[in-house]
Amino acid sequence: MTITPTTSSPRIAPRRTGWSPAAERRLRVIAPIVVGLLVLALWQFLVTVVGVSDYLLPSPAAILEQLVEFWPAILSATIVTGTNALIGLVVGTLLAILLAALASRWRAVDGMSAPIVASLAVVPIVALAPVLNSMFGADSQFGRQAIAALAAFVPVFVNTLRGLRQTRPVHRDLMRVYAASGSETFRKVTLPTAVPYLMTGIRIASSLAVISALVAEYFGGPRGGLGTFIATSAATSAYARAWAYVAAAIALGLVFYLATALLEWLVLRRIPTGGPR
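None of these values were measured; they are calculated from a predicted model. (Residues numbered from 1 in each chain as written. Predicted model: local features only at pLDDT ≥ 70, side-chain atom pairs only at ≥ 80, totals over all residues. Heavy atoms only, no water.)

Draft legend 1. Spotlight on the overall build of the protein. The secondary structure content of the protein amounts to 10 helices and zero strands. Secondary structure elements in the protein, listed N-terminal to C-terminal, are α-α-α-α-α-α-α-α-α-α. Across the 277 residues in the protein, those meeting the buried criterion constitute 35%. Summarising the internal contacts of the protein: among those between residues at least 6 apart in sequence, 73% fall at separations of at least 24. For the protein, the exposed surface amounts to about 17200 Å²; the carbon and sulfur share of it is 69%. (Helix = DSSP H or I, 4+ residues; strand = E, 2+ residues; numbered from the N terminus. Buried < 20%, exposed > 50% of the residue type's maximum accessible area, 1.4 Å probe, protein only. Contact = heavy atoms within 4.5 Å. Areas by Shrake-Rupley, 256 points an atom, 1.4 Å probe, with all protein chains shown as cover.)

Here it is, written out as structure tokens:
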């Protein structure tokens, strides 16, 4: 009797960097800060020494001066844009989860939702924002919130629907053996499997909601948002002030991203394998 040897793929040894885990964690924090400081130093050098015009690129010192001088207005505008983005993110996420759950359950809903989601993914904000602002009035923030909701809806729906389809047939069969109802199977098996995909979609949608709310402010509606003040400052040749509002917009996007990343980390601690325990 001959025994045929089995071949197995070679194991790839983990890469050794020579850093301890604590040192690697510190490096992940310190490295972006160092790179950012170097970029700012190069930026200031180009403006003050090379002589790049303020029209093209205001210096970081001038932007910081405007940021301090107009801080109350910048903070107020950041709150307005952040509120619109947050409302849009929450509403878009809830609608996406609901539709994804229905699409994963019924094939007819899946077939009808596919072209709708594909259409929403390519809707241009520059065309939709003026229409919504005209429909709901110049004093309403609803148009901007609706645009942020549409931007957040698509990535959350796509990722959630994919996650809901990741449940293994053996798990469903096991739940049938235990005489579990459809709702119990969804709650205990399907939903925990989809949670990592859902959190990824929310993390992506958080930045899109901020960007969409910001861009929508360029095309009418009530004053007070970051996009409005960026456009106004640039139109009056106050370029350093416009960059100060841009810096606030960047900070707002980072806050949304870090908040959703923290939420993802907290949620996935309860489901470390991406599936039911």
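Next comes the rest of the description.
Draft legend 2. Quick peek at helix α10 (residues 239-270). Over its 32 residues, α10 extends 47 Å from the first C-alpha to the last, a length consistent with the 46 Å expected when each residue adds 1.5 Å. Turning to α10, its buried residues are Ala240, Ala242, Ala244, Tyr245, Ala248, Ala249, Leu252, Gly253, Phe256, Thr260 and Glu264. (Expected span 1.5 Å × (residues − 1).)

Draft legend 3. Local environment of the pattern of salt bridges. Tallying each qualifying case throughout the model produces one salt bridge. The shortest N-O distance in the salt bridge between Glu264 and Arg203 comes to 2.6 Å. Of the two residues, Glu264 sits in helix α10 while Arg203 sits in helix α8 (residues 182-216), which places them 61 residues apart along the sequence. With a relative accessible area of 12%, Glu264 lands in the buried category. (Salt bridge = Lys/Arg side-chain N within 4 Å of Asp/Glu carboxyl O.)

Draft legend 4. Region of interest: unusual backbone geometry. Of note in the backbone geometry, Ser237 takes a positive phi value of approximately 65 degrees without being a glycine. Along the chain, Ser237 falls in the loop between α9 (226-235) and α10.

Draft legend 5. Expanded view of the nonpolar core. Phe157, Leu226 and Tyr245 are the most contacted members of the largest nonpolar core, which totals 40 residues. Mapped by element, the contributors of at least two residues to this core are α1 (21-50), α3 (71-105), α4 (107-121), α6 (142-164), α8, α9 and α10. Top contributing element to this core by residue count: α8, with 10 residues. For Tyr245, the residues in contact, after removing those within four places along its chain, are Ala73, Ile74, Ala77, Leu226, Phe229, Ile230 and Ser233. (Core = buried A, V, L, I, M, F, W, Y, C linked by side-chain atoms within 4.5 Å.)

Draft legend 6. How the structure looks around the packing of α3 against α4. Here α3 crosses α4 at 125 degrees, and the two axes come no closer than 5 Å. Classed by the angle they form, the pair α3 and α4 counts as oblique. For the pair α3 and α4, the sense of crossing is left-handed. Along the contact surface, α3 presents Leu99, Leu102, Ala103 and Arg105, while α4 presents Arg107, Val109, Asp110 and Ser113. Residues of the contact of α3 with α4, tallied by class, amount to four nonpolar, one polar and three charged. (Axes fitted to C-alpha atoms, helices over the stretch in contact; angles between N-to-C directions. Parallel < 35°, antiparallel > 145°, perpendicular 65-115°, else oblique. Left-handed = near helix turned anticlockwise from the far one by under 90°. Nonpolar A, V, L, I, M, F, W, Y, C, P; charged D, E, K, R; others polar.)

Draft legend 7. Geometry of the packing of helix α5 (residues 125-136) against α6. At their nearest, the axes of α5 and α6 sit 8 Å apart, and the two run at 140 degrees to each other. In this structure, α5 crosses over α6, and the sense of that crossing is right-handed. Of the residues in α6, those in contact with Ile125, Leu128, Ala129, Leu132, Asn133 and Phe136 of α5 are Phe142, Gly143, Ala146, Ile147 and Leu150. Of the residues assigned to the contact of α5 with α6, the class counts are nine nonpolar, two polar and no charged.

Draft legend 8. Inspection of the packing of aromatic side chains at higher detail. Scanning the model with the defined rule gives three aromatic pairs in all. Note on Phe229 and Tyr245: the rings are 5.2 Å apart at their centroids and 10 degrees apart in plane angle, and the pair reads as stacked. One end of the pair, Phe229, is in helix α9; the other, Tyr245, is in helix α10, with 16 residues separating them in the sequence. Here the two residues Phe229 and Tyr245 agree in accessibility, since each one is buried. (Phe/Tyr/Trp six-rings, centres within 6.5 Å; stacked < 30°, edge-to-face > 60°.)

Draft legend 9. Inspection of a nonpolar patch on the surface at higher detail. A contiguous nonpolar surface patch, about 650 Å² in accessible area, is contributed by Val29, Ile30, Ile33, Val34, Leu37, Leu38 and Leu40. Relative to the helices and strands, Leu37 is located in helix α1. On the basis of relative accessibility, which here comes to 54%, the residue Leu37 falls in the exposed class. (Patch = residues over 30% accessible without salt bridge, like charges linked within 9 Å, V, L, I, M, F, W, Y side chains within 5 Å.)

Draft legend 10. Structural detail: the environment of Tyr257. Note on placement: Tyr257 falls in helix α10. Residues Tyr257 and Ala205 lie 52 residues apart in sequence; the distance between their C-alpha atoms is 8.9 Å. Beyond its immediate chain neighbours, meaning those up to four positions away, Tyr257 contacts Arg203, Ser206 and Ser207.

Draft legend 11. The environment of Ile147, seen in detail. Considering the arrangement of structural elements, one finds Ile147 in helix α6. Considered as a pair, Ile147 and Leu128 are 19 residues apart in the sequence and their alpha carbons are 7.8 Å apart. For Ile147, the residues in contact, after removing those within four places along its chain, are Ile125, Leu128, Ala129, Leu132, Ser212 and Ala216.

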